[in-house]
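Observations on the three-dimensional arrangement
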Amino acid sequence: SSIGPNRKHHFQLMVGIGNFFGQGYADFPIRYGDSRDFNIGIQYKHKIDSNWSWGGDLYFRNMVFRIDQNPSKKFIPDSIKYDKERFSFPQFSFHPWFRYNFDAGRGDRIGFYVDAAPGIHLSVSNRRVVVFKQENNDHVVKLVERKIDYMENVFASLQLRFGYQRFALYGQWRFTPL
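Residues numbered from 1 in each chain as written. Predicted model: local features only at pLDDT ≥ 70, side-chain atom pairs only at ≥ 80, totals over all residues. Heavy atoms only, no water.

1. Comments concerning the overall build of the protein chain
Across its full length, the protein chain carries 0 helices and 9 strands. Listing the helices and strands of the protein chain from first to last along the sequence gives β-β-β-β-β-β-β-β-β. With 178 residues in all, the protein chain has 38% of them scored as buried. Contacts spanning at least 24 positions in sequence make up 60% of the contacts within the protein chain whose residues lie at least 6 apart. (Helix = DSSP H or I, 4+ residues; strand = E, 2+ residues; numbered from the N terminus. Buried < 20%, exposed > 50% of the residue type's maximum accessible area, 1.4 Å probe, protein only. Contact = heavy atoms within 4.5 Å.)

Structural data, given as structure tokens:
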């Protein structure tokens, strides 16, 4: 058969969950430990030879950034301190990639590899959710803003992925403006 993990063609389900790392911004204080990145989709791989292959990932992704409510918060759309605030960016993403596999004699398994992948992302419905308590009667108010217009709906990125067997660690750099 020409279909399988180390054959000419391979399809597989992708599920991922991650966190965000990096230098924070004073005007946009992200709570990195509470912010998440979740994705689910399909991956296709076409084997060229024992070391090289190409393919693509097509997936749904939801990035959720929880915002720290501190006095230095000065970003769009306001600088009001809420009890909770988060931004959610659901999107469809496509990453074509080239893969180099380091263990050519790996048999019928994926092995240790590195991928380089440019990506295009299309946001579905950028939204902002804030939760606060009204001081006069202690009611909890949840405000949801949809289709926020101060974020770009289409953006491009570059992804570098290191994988071993069924697990991958990746870094992604967005090179289009927010």
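From this point on, the discussion continues.
2. So, the pairing of strand β3 (residues 52–66)
Here strand β2 (residues 36–47) pairs with β3 via 12 bridges, running antiparallel. Along β3, the bridge assignment pairs G41 with Y59. If you look at the hairpin formed by β2 and β3, you'll find 4 residues sitting between the two strands. Examined bridge by bridge, β3 and strand β4 (residues 84–101) share 15 bridges and lie antiparallel to one another. Counterpart to G55 in the pairing with β4 is W97. (Pairing = 2+ DSSP bridges.)

3. Brief notes about the environment of N6
Inspection of the secondary structure assignment puts N6 in the segment before β1 (9–18). For the pair N6 and I110, spaced 104 residues apart in sequence, the C-alpha separation works out to 6.0 Å.

4. Topic: the confidence of the model for the protein chain
For the protein chain, per-residue confidence averages 82 on the pLDDT scale, and 84% of positions sit at 70 or higher. Between the elements of the protein chain, mean pLDDT differs from a low of 72, seen in strand β6 (residues 127–133), to a high of 94, seen in β2. (pLDDT = per-residue confidence, 0-100.)

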